[in-house]
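Residues per chain, in single letters:
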Amino acid sequence: MNRTMIRDEDWARIEPLLPSKQTKRGRPSINNRMMIEGILWVLRTGAPWRDMPETLPPWQSVYTRFRRWSQQGLWDIIWESLKKRCRPTSHISWTLRQ
């Protein structure tokens, strides 16, 4: 199994929560799944955005989308949605530390 890719069943839960890929500007938008892969790579490794592998979208694009989604509160929406799918008796701490 490739540990760097989101599993299809996980993606099926997240995809409906994301904004559409339509863009108001001239060039086409980069696939949301690849953007999430880039964001998760940075979060998983702790590496700077600029060190993202070339197999992922350009770091500037990934960072911009991460920042935009953060400002829109999208990560909170995704987090709450994923929490609802877990068993209430699970031994998971749902507190995020900053």
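**So, the overall build of the protein chain**
Check the secondary structure of the protein chain and you find four helices and zero strands. In the protein chain, of all internal contacts separated by at least 6 residues, the share reaching a separation of at least 24 is 51%. Approximately 7900 Å² of the protein chain is accessible, and the part contributed by carbon and sulfur atoms is 51%.

**As for the environment of Arg-65**
Following the sequence through the fold, Arg-65 ends up in helix H3 (residues 59-71). For Arg-65, a relative accessible area of 8% corresponds to the buried category. Separated by 33 residues in the primary sequence, Arg-65 and Asn-32 have C-alpha atoms spaced 9.2 Å apart. Sequence-distant contacts of Arg-65, that is, excluding residues within four places in its chain, are made with Ser-29, Ile-30, Asn-31, Asn-32 and Met-35.

**Some points on the confidence of the model for the protein chain**
Scored by pLDDT, the protein chain has a mean of 83; 76% of the residues are at 70 or more. Looking over the protein chain, one finds the lowest element-wise mean pLDDT in helix H4 (residues 74-84), namely 85, and the highest in H3, namely 95.

Calculation notes
- Residues numbered from 1 in each chain as written.
- Predicted model: local features only at pLDDT ≥ 70, side-chain atom pairs only at ≥ 80, totals over all residues.
- Heavy atoms only, no water.
- Helix = DSSP H or I, 4+ residues; strand = E, 2+ residues; numbered from the N terminus.
- Contact = heavy atoms within 4.5 Å.
- Areas by Shrake-Rupley, 256 points an atom, 1.4 Å probe, with all protein chains shown as cover.
- Buried < 20%, exposed > 50% of the residue type's maximum accessible area, 1.4 Å probe, protein only.
- pLDDT = per-residue confidence, 0-100.

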